[in-house]
Amino acid sequence: MLHLINVYLVWSQILPAAAWLRLGNYLRETQLLGSIQSTLYWDQNTGMPSGGASWRGEQLALLARELHLRQSSEQYVELINAAEAEFELEKQSGDLSAEIQLDKFRNLALLQQDFQRHQRLETSLVCELAQAKAEGYSRWQEAKTLNKFSLFSPALKRLLALRKQQAQQLSEPRTCWETLAQPFEPDVTLSRIEELFSPLRQRLPELLERVRHWKRIPIKKDWDLDAGAQQKLSRQLLAEWGQDIGVSSVASSPHPFSITLGPSDFRLTTRIVQGQPLSSFFATAHEWGHSLYEQGLPSESHQWFAWPLGHATSMGLHESQSLFWENRVARSKSFADRWWHRFADAGAPVASSCDLWRLMNPLIPGLNRVEADELSYGLHIMIRTEIEIELLERDLEVDAIPEEWNKRYKELLGLTPINDSEGCLQDVHWSEGLFGYFPSYLLGHLISAQLSEAMTKDLVLNGVDSIEPIDHLIASGSEATLLEWLRSHVHCYGRSLNSEQLVEKVSGKKLSSFPFLAYLEEKIDHLERSS
């Protein structure tokens, strides 16, 4: 520690500004570069012509190189060390409150952790990965359009090889898959994924088998809403859920996503899928949930002012927020009670709120993950997780993916894709080298259910006069109260806690799959009684 203090004293004579401020200015410039990179990604997905793919790859590779150099430079580590030395002097002087001490300590620890990861990576690999991701996305689009996995296979092989190199260079005490999953789920392990997913792998197929034998009230199967009607419903949803069009916008893309381009620039995309009249509506609800989390991160250290505590803590926590709004709110009976007239007016074949509620919760397994209901969704994720673990840990051949995919879909969902486009080419993630990302989706379901239990108890204790306070607030159009709870109990932590620590702090219990299973079984009971 004496060495750090000496470093600070040297730097303080050269540059009079406080070390913490100098580090913050450096981080802010890094985030500006990162936001330019994100803006190019947004354009690539929403407006760029296919002919721009090669040049875009070079642009992204250049930015990736510059970002990597900034995040692994001697200047950067000297700024971190000087800020640490300054922090030690501040602690000794007693000028910092306990809360500020804790925040500064966590910020600096995360910066050191991230720096070490960047420093271990060769710049040439970072550039090659950026180009490979741009090419992979372009090849994936072509292969999906032409329904031909072999067109994508070479790009995927290259991405896998590069990601394996990345894991080797990082040289962490983890397996290859675990190493690659860290940016999405800090501290995740294969054994923890197995512990959380095993009860679901056993119970979800049993629940699917149960609902297959329902005697359902016949509903019109082949119906659709025109694009204008779907867009209008989505605009109405965002307006009710507090969208500020001065800082957010909506576009269309092949795969829905949400992205933050600046401190007052929140973007989301959706898509109109022919024959899937509710797809755009639920994609809008889902992606807006992501954006609400981004907008609620700690303002004092917001990510666009660079400090780690202003970042989301994990993609699993991020998903829990989007899934709360999509599933717990927008697919609820209380929501259908309020909205069914709007859907009827738009042309949906519904004559009551129960009709709409059943349409929103068909509980019929399908082949598409994005369109899947809550019951089968987890099985889609487990299939992808198992395959990518096989690819990275057990040398499954890339060319074997279509066959392996179809086999697992038959085993878990009782369905077989008729082509690659509705099978292993449906998701964008592997085309961008995002191995280790998929489990976050299912972890999000588990986290959302456990946080919802905690929210229910807290709302009752604080005077919401209802046995089911969440549904009561949805029924009265008071979703803003739900958002206030999430702001004060979840969003406020940023990266100060990892996702499992946050869940345990808020709910008082270790993360488990059982609250999610209990929620599903209760919903199935209610839907069965309404059928």
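What you see is a predicted model; the values in this text were computed from it and never measured.

Enquirer: Break down the sheet that holds strand β1 (residues 248-252) for me, with residues and values.
Expert: Spatially, the three strands line up as an open sheet ordered β1-β3-β2, and their pairing is mixed. At either margin of the open sheet sits one strand with a lone partner, and together these are β1 and β2 (258-262). The mean inter-strand angle of the sheet, taken between neighbouring strand axes irrespective of direction, is 25 degrees. Bridge count between β1 and strand β3 (residues 265-270): five bridges; the pairing is parallel. Looking at β3, one finds that S249 is bridged to R267. Relative to the sheet, helix α2 (residues 19-46) contacts β1, β2 and β3, its axis offset from that of β2 by approximately 135 degrees. Sitting on the sheet, helix α11 (residues 279-295) touches β1, β2 and β3, and the angle it makes with β3 is about 160 degrees.

Enquirer: Any details on the packing of α11 against helix α12 (residues 315-329)? Residues and values, ideally.
Expert: As a packed pair, α11 and α12 sit with axes 7 Å apart at the nearest point and diverge in direction by 135 degrees. Taken together, α11 and α12 sit at an angle that is classed as oblique. Relative to α12, the crossing made by α11 is right-handed. In contact with F282, A285, H286, G289, H290, L292, Y293 and E294 of α11, α12 contributes L317, H318, E319, Q321, S322, L323, W325 and E326. Classifying every residue of the contact of α11 with α12 gives seven nonpolar, six polar and three charged.

Enquirer: Which residues make up the packing of aromatic side chains, and what values do they have?
Expert: Applying the stated rule across the entire model yields 23 aromatic pairs. Taking 6.0 Å as the distance between ring centres and 70 degrees as the angle between the ring planes, the aromatic pair formed by W42 and F257 counts as edge-to-face. With W42 in helix α2 and F257 in the loop between β1 and β2, this residue pair connects regions lying 215 residues apart in the sequence. Overall, F257 belongs to the buried group, its relative accessible area being 10%. An angle of 50 degrees between the planes, with centres 6.1 Å apart, marks the rings of F281 and F335 as tilted. Within this pair, whereas F281 is found in helix α11, its partner F335 is found in helix α13 (residues 333-346), the two being separated by 54 residues in sequence. In this structure, F281 and F335 share a single accessibility class: buried. Grouping aromatic residues by their ring pairs yields a cluster made of F184, Y377, W405, Y409, W430, Y437, F438 and Y441. Sitting over the ring of W339, R342 keeps its end group 4.1 Å from the ring centre.

Enquirer: Which residues make up empty space enclosed by the protein, and what values go with them?
Expert: Over the atoms, a rolling probe the size of a water molecule traces out where space has been left empty. Enumeration over the complete set of coordinates arrives at two cavities of 30 Å³ or more. Approximately 60 Å³ is the volume found for the largest cavity. Along its surface, the largest cavity is lined by W140, F152, R384, W405, C424, D427, W430 and F438. Looking at the lining of the largest cavity residue by residue, the class counts come to six nonpolar, no polar and two charged. Of the voids in this model, the second largest cavity is the one considered here, and its volume is about 40 Å³. Forming the walls of the second largest cavity are S320, Q321, F324, S448, L451, S452, M455 and L486.

Enquirer: Describe the pattern of salt bridges, with residues and values.
Expert: Should the charged atoms of two oppositely charged side chains come close, the side chains can pair. If you walk through the whole model with that rule in mind, you get 38 salt bridges. Measuring nitrogen to oxygen at the nearest pair gives 3.0 Å for the salt bridge that ties R331 to E326. Assigned by exposure class, R331 and E326 land together as buried. D337 is paired through a salt bridge with K333; the nearest N and O atoms lie 2.7 Å apart. Here K333 and D337 lie together in helix α13, a separation of four residues that amounts to about one turn. A relative accessible area of 36% places D337 in the partly exposed class. Connected through salt bridges with shared partners, the residues R201, E386, E404, K407, R408 and E411 form a single ionic network.

Enquirer: Explain the confidence of the model for the chain residue by residue, including any values.
Expert: Taken as a whole, the chain shows an average pLDDT of 92; of its residues, 95% reach a score of 70 or greater. Across the chain, the element-wise mean pLDDT spans from 48 in helix α1 (residues 2-14) up to 98 in helix α8 (residues 176-181). Here residues 7-16 is a poorly scored stretch, pLDDT under 50, and it has eleven contacts once near neighbours within four places are set aside; other chains count.

Enquirer: Quick rundown of helix α21 (residues 514-530)? Include the residues and the values.
Expert: Between its first and last C-alpha atoms α21 spans 24 Å; for 17 residues at 1.5 Å apiece the expected length is 24 Å, and the two agree. Of the residues making up α21, those classed as buried are P515, F516, L517, Y519, L520, K523, I524, L527 and S530.

Enquirer: Help me get a handle on the pairing of β2, residues and values and all.
Expert: With four of five residues buried, β2 lies mostly within the body of the structure. Hairpin connection from β2 to β3: two residues lie between these consecutive antiparallel strands.

Rules used throughout
Residues numbered from 1 in each chain as written. Predicted model: local features only at pLDDT ≥ 70, side-chain atom pairs only at ≥ 80, totals over all residues. Heavy atoms only, no water. Pairing = 2+ DSSP bridges. Helix = DSSP H or I, 4+ residues; strand = E, 2+ residues; numbered from the N terminus. Axes fitted to C-alpha atoms, helices over the stretch in contact; angles between N-to-C directions. Contact = heavy atoms within 4.5 Å. Parallel < 35°, antiparallel > 145°, perpendicular 65-115°, else oblique. Left-handed = near helix turned anticlockwise from the far one by under 90°. Nonpolar A, V, L, I, M, F, W, Y, C, P; charged D, E, K, R; others polar. Phe/Tyr/Trp six-rings, centres within 6.5 Å; stacked < 30°, edge-to-face > 60°. Buried < 20%, exposed > 50% of the residue type's maximum accessible area, 1.4 Å probe, protein only. Lys NZ or Arg CZ within 6 Å of the ring centre and 35° of its normal. 1 Å grid on protein atoms, 1.4 Å probe; cavity = no way out; pocket = protein on both sides within 12 Å on 5 of 7 lines; lining within 4 Å. Points joined across faces, edges and corners; volume = space filled by probe spheres on them. Salt bridge = Lys/Arg side-chain N within 4 Å of Asp/Glu carboxyl O. pLDDT = per-residue confidence, 0-100. Expected span 1.5 Å × (residues − 1).

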